[in-house]
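Inside the fold
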2 protein chains.
Amino acid sequence: MISFFDERQLRHAPLRELHNGAWTPYAECADRARNIREAIGTPAPARDFGMAPIEAVHDADYLAFLKGAHAAWRAALREDDAIAYTWPVVRRRKLSLDRIDARLGQYSFDASTPIAEGTWDGAYWSAQTALTALDAVLAGARTAFALCRPPGHHAGADYLGGYCYLNNAAIAAQHAHAAGAGPVAILDVDYHHGNGTQDIFEARGDIFFASIHANPATDYPYYWGHADETGSGDGDGATLNIPMPRGTRIDAYLAALDIALARINDWGARLLVLSFGADTFSGDPISHFAIETEDFATIGARIAALGLPTAIIMEGGYAVGDLGGNVARFLSGFQD
Amino acid sequence: MISFFDERQLRHAPLRELHNGAWTPYAECADRARNIREAIGTPAPARDFGMAPIEAVHDADYLAFLKGAHAAWRAALREDDAIAYTWPVVRRRKLSLDRIDARLGQYSFDASTPIAEGTWDGAYWSAQTALTALDAVLAGARTAFALCRPPGHHAGADYLGGYCYLNNAAIAAQHAHAAGAGPVAILDVDYHHGNGTQDIFEARGDIFFASIHANPATDYPYYWGHADETGSGDGDGATLNIPMPRGTRIDAYLAALDIALARINDWGARLLVLSFGADTFSGDPISHFAIETEDFATIGARIAALGLPTAIIMEGGYAVGDLGGNVARFLSGFQD
Ligand SMILES: [Zn+2]
Ligand SMILES: [Zn+2]
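Worth saying up front: this structure is predicted, and the values here are computed from it rather than measured. (Residues numbered from 1 in each chain as written. Chains lettered and ligands numbered in written order. Predicted model: local features only at pLDDT ≥ 70, side-chain atom pairs only at ≥ 80, totals over all residues. Heavy atoms only, no water.)

Observations regarding the coordination of the zinc ion (ligand 1)
Residues and elements named next belong to chain A. Taken together, the protein ligands of the zinc ion (ligand 1) are Asp190 (OD), His192 (ND1) and Asp279 (OD), with distances of 2.0 to 2.2 Å. Mapping the donors of the zinc ion (ligand 1) onto the primary sequence gives the spacing D-x1-H-x86-D. Taken as a pair, His192 in the loop between strand E5 (184-188) and helix H7 (195-201) and Asp279 in the loop between strand E8 (271-276) and helix H9 (293-304) lie far apart in primary sequence, 87 residues in all. With respect to class, His192 is no different from Asp279; both count as buried. (Donors = N, O, S within 2.8 Å, 3.2 Å for Na, K, Ca; no water. Helix = DSSP H or I, 4+ residues; strand = E, 2+ residues; numbered from the N terminus. Buried < 20%, exposed > 50% of the residue type's maximum accessible area, 1.4 Å probe, protein only.)

Put into structure tokens, the structure is as follows:
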């Protein structure tokens, strides 16, 4: 399978995150991408599609914030990476705020996603990698793999969180939609709910979003991804959430996957953007499903059987040593 | 002036807070209350009004969370104080969540307000102290001072934040309203906007809320307290926010105060709940107004001239060594 990666994605390297009440080393480390790159051969470099396809998904004020946040943090004489400490949980609205701490909370939803010196570069090139893979599919490739990192599916139109800054899958899906390749469906098979992607499209009926993920009552991101979230307005019915319990094994997983694939098929999708996280792996240090390495090929093949042109966008997966092997196995399922 | 305090308020003693991206010692320390107590003589103990007046303001699920959160944190084998790391910034709604980290974010808006072992006891007795002072006013006292700590004005009906857990001023105001002592007005003269109090009453027309505070574009709590927030629905026009710039001195402060007092008078208030923070003091370590110790008597006298029965509820003030003197000076303004 043709795959894409840009070295500049490695410039994003936060030091630590706040998790379960304490600082821990940053789980979404650059070595994740290196490990995958080694396992899948030699990815082609990303092309630069510029800001327009990013601006088609993210708000201009958020993008300006994201570009300038680390410099503003340093200008305020703060050390290390930029991180918020307070958030607008009620009556959130557009506001013109001066202080960097205020703006960090305005544009984020957790304390686990710092903005480091190289974050903008890394996120920008991660998005370009997604667009490059999508473009290959538009040009006729049956499938293409974007080794995106940082990941994207937790990022909303105007907020970061969950290690995500720019929503690579949403940017690719919107780009495909704008190119007339739709109807476009997004399938999210990361361990965690793709709350940012859902939020971006939840009021739209022209892009379908389906996610299979750990029950948010027990697992991040907690506040989104519950089964009763099915879209609103024009998007009513165009969102499908299938929460699964901790300990889920391949058989139960495939049953859920079949439901999601049938819905995508019934909806009439002509192109698939696939948010793929390998953190469903049994050995993932922050996740709790029981998918084994060999299962990933089965999952990949099941999705491939849908028969849609597919851009595969890398999301999570934190068992760094096993990550490349799991990704390669998943991709192999598309190549039968 | 008659004053009230309960020793059990001192049981609340978090270790640290996340502020500007790093852990700092907890600014809202128990010594604040000790310093005030020494300066104002011997406060009378609080009476116990039970849970009903607290439940009249706060949601039952939030109260159950607050009582049990620290034990749940320890049961999850976490160390130190309970603190959230992710928050529902969009589509916040009632959810049944299992994990303590999920519930911490569901019921808070910052990472600066830990739940320690003695937090429930401290917050409960702080609320009872407010109710005891309010009761003294209902019984005929012209003014009464509640040495509340932890403070309350940042806490909403179902969330904590800004060192606040139970909204003492809102609980007192609602209790006065229920007792038929209204119309009740709340005036908040803490350095920071009383966002929790505003949120609790913002859709109600029967309790007026006015606040003079640092411009939220530069100062906590950032997302609330802007001048265009004037209430909604039945409460349209019953909220008044007067943001003031950093560096505000007594003359400008009194001009703003006169506007707020005139509105409260015009509105027909018959009882005043006063959220008083001494963090407007020039020497406050986390605030940026230029009110001097002698100014506090002037401010107190100006509010006293409104001629309303007044329950004074202690909020912020972090220049611990000067705190008692500033509070005593403020209270002296009511006794001419
Ligand atoms: Zn994930
Ligand atoms: Zn304050």
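Some thoughts on the sheet that holds strand E8 (residues 271-276) of chain B
Residue and element names in this part refer to chain B. In spatial order, the strands read E1-E4-E9-E8-E5-E6-E7; together these 7 strands make up an open sheet with parallel pairing. Each end of this open sheet is capped by a strand with a single partner; those strands are strand E1 (2-4) and strand E7 (239-244). Neighbour-to-neighbour, the strand axes of this sheet turn through a mean angle of 15°, independent of strand direction. Examined bridge by bridge, strand E5 (residues 184-188) and E8 share 5 bridges and lie parallel to one another. In the sheet register, Ala185 faces E8, and the bridge partner there is Leu272. Lying on the sheet, helix H6 (residues 168-178) is in contact with E5, strand E6 (207-214), E8 and strand E9 (310-314); it crosses E8 at an angle near 175°. Against the sheet, helix H10 (residues 320-332) makes contact with strand E4 (143-146), E8 and E9, and its axis sits at roughly 170° relative to E9, the strand it touches most. (Pairing = 2+ DSSP bridges. Axes fitted to C-alpha atoms, helices over the stretch in contact; angles between N-to-C directions. Contact = heavy atoms within 4.5 Å.)

Examining the packing of aromatic side chains
The final tally for this structure, using the stated rule, is 44 aromatic pairs over all chains. With centroids separated by 6.4 Å and ring planes inclined at 80°, the aromatic side chains of Tyr85(A) and Tyr222(B) adopt a geometry described as edge-to-face. Taken together, the residues Tyr85(A) in the loop between helix H3 (60-75) and helix H4 (100-106) and Tyr222(B) in the loop between E6 and E7 connect one chain to another. We classify Tyr85(A) as buried; its relative accessible area is 2%. Residue class for Tyr222(B) comes out buried when judged on its relative accessible area of 0%. With centroids separated by 5.4 Å and ring planes inclined at 45°, the aromatic side chains of Phe208(A) and Trp267(A) adopt a geometry described as tilted. (Phe/Tyr/Trp six-rings, centres within 6.5 Å; stacked < 30°, edge-to-face > 60°.)

Topic: the interface of chain A and chain B
With 48 residues of chain A at the contact, the number on the chain B side is 48 residues. Note on chain A versus chain B: buried area summed over both sides is about 4,400 Å², and carbon and sulfur give 55% of it. If you sort the residues of chain A by the area they bury against chain B, Tyr85(A), Val89(A) and Tyr223(A) come out on top, with a joint share of 19%. The tally of links from chain A across to chain B stands at 8 salt bridges. Seen at the junction of chain A and chain B, the total is 34 residue pairs in polar contact (both at pLDDT 80 or more). Listed by contribution, the elements that provide at least two residues to the side of chain A that touches chain B are strand E2 (16-19) and H4 of chain A. (Buried area = accessible area lost by both parts, 1.4 Å probe. Salt bridge = Lys/Arg side-chain N within 4 Å of Asp/Glu carboxyl O. Polar contact = N/O pair within 3.5 Å; in protein donor to acceptor, adjacent residues only side chain to side chain.)

Quick word on the relation of the copies chain A and chain B
The operation relating chain A to chain B is a screw motion whose rotation component is 180°, with 0.0 Å of axial translation and a residual RMSD of 0.0 Å. In symmetry terms, the pair is related by a two-fold rotation axis. Judged by C-alpha distance, Val89(A) is the residue of chain A that lies nearest the rotation axis, at 2.2 Å. Of the residues that chain A buries at the interface, 100% are likewise interface residues in chain B, meaning the two copies contact each other through the same surface. (Least-squares fit on C-alpha atoms with pLDDT ≥ 70 in both.)

Focus: the nonpolar core
Formed by 241 residues in total, the largest nonpolar core has its most connected members in Leu187(A), Ile303(A), Leu187(B) and Ile303(B). In this structure, Ile303(A) is in contact with Leu187(A), Val189(A), Leu257(A), Leu261(A), Leu272(A), Leu274(A), Phe330(A) and Phe334(A), ignoring residues within four places of it in sequence. (Core = buried A, V, L, I, M, F, W, Y, C linked by side-chain atoms within 4.5 Å.)

A few points about the UniProt feature "domain: Histone deacetylase" (unreviewed entry) in chain A
Here the UniProt-annotated "domain: Histone deacetylase" (unreviewed entry) positions come out as residues 44-331 of chain A. With 37% helix and 12% strand, the stretch residues 44-331 of chain A has end C-alpha atoms that lie 16 Å from each other. (UniProt positions renumbered as here; feature names shortened; annotations may be inferred.)

Comments concerning the pattern of salt bridges
Residues and elements named next belong to chain B. Following the criterion strictly, the structure yields 40 salt bridges over all chains and no others. We note a salt bridge from Glu28 to Arg32, for which the minimum N-O separation is 2.7 Å. Relative accessible area serves as the criterion here: at 0%, Glu28 is assigned to the buried category. The exposure class assigned to Arg32 is buried, which follows from its relative accessible area of 1%. Note that Lys94 and Asp61 form a salt bridge whose closest N and O atoms lie 3.0 Å from each other.

A few points about the packing of helix H5 (residues 119-138) of chain B against H6(B)
Residues and elements named next belong to chain B. The contact between H5 and H6 brings their axes to 9 Å, and the two run at 40°. On the basis of the axis angle, H5 is oblique to H6. Our pair here, H5 against H6, has a crossing hand that is right-handed. Within the contact between the two elements, H5 uses Ala123, Ser126, Ala127, Ala130, Leu131 and Leu134 and H6 uses Asn168, Ile171, Ala172, His175 and Ala176. Among the residues making up the contact of H5 with H6, the classes are represented as 8 nonpolar, 3 polar and no charged. (Parallel < 35°, antiparallel > 145°, perpendicular 65-115°, else oblique. Left-handed = near helix turned anticlockwise from the far one by under 90°. Nonpolar A, V, L, I, M, F, W, Y, C, P; charged D, E, K, R; others polar.)

Focus: helix H8 (residues 250-267) of chain A
An α-helix turns once every 3.6 residues. As a result, residues three or four positions apart point the same way. Residues and elements named next belong to chain A. For H8, which comprises 18 residues, the first-to-last C-alpha distance of 25 Å matches the rise-based estimate of 26 Å (1.5 Å per residue) to within 8%. Along H8, the residues classified as buried are Ile250, Tyr253, Leu254, Ala256, Leu257, Ala260, Leu261 and Ile264. On an axial view of H8, the arc spanned by its buried residues comes to 165°, and they lie on one face. Opposite the packed face of H8, turned more than 90 degrees from it, sit the exposed residues Asp251 and Asp266. Buried residues in H8 make contact with E5, strand E6 (207-214), strand E7 (239-244), E8 and H9. One or two steps after H8, the chain reaches Gly268, where phi turns positive at roughly 90°. (Expected span 1.5 Å × (residues − 1). Arc of directions from axis to C-beta.)

Regarding the pairing of E6(A)
All names here are of chain A. Most of E6 sits out of view: 8 of its 8 residues are buried. Inspection of the sheet shows E5 paired to E6 by 5 bridges, in the parallel sense. Of the residues in E6, the one forming a bridge with Asp188 is Ser211. The parallel pair E5 and E6, bridged by H7, forms a crossover whose chirality is right-handed. (Right-handed = clockwise from strand over helix to strand, strands pointing away.)

Here's the deal with unusual backbone geometry
For the bond from Arg149(A) to Pro150(A), the omega torsion is 5°, close enough to zero to count as cis. With respect to the secondary-structure elements, Pro150(A) resides in the loop between strand E4 (143-146) and helix H6 (168-178). A cis amide bond, omega 5°, links Tyr220(A) with the succeeding residue Pro221(A). The topology assignment puts Pro221(A) in the loop between E6 and E7. For Tyr222(A), which is not glycine, the phi dihedral falls at a positive 60°. Phi at Asp80(B) takes a positive value of approximately 55°, unusual for a residue other than glycine.

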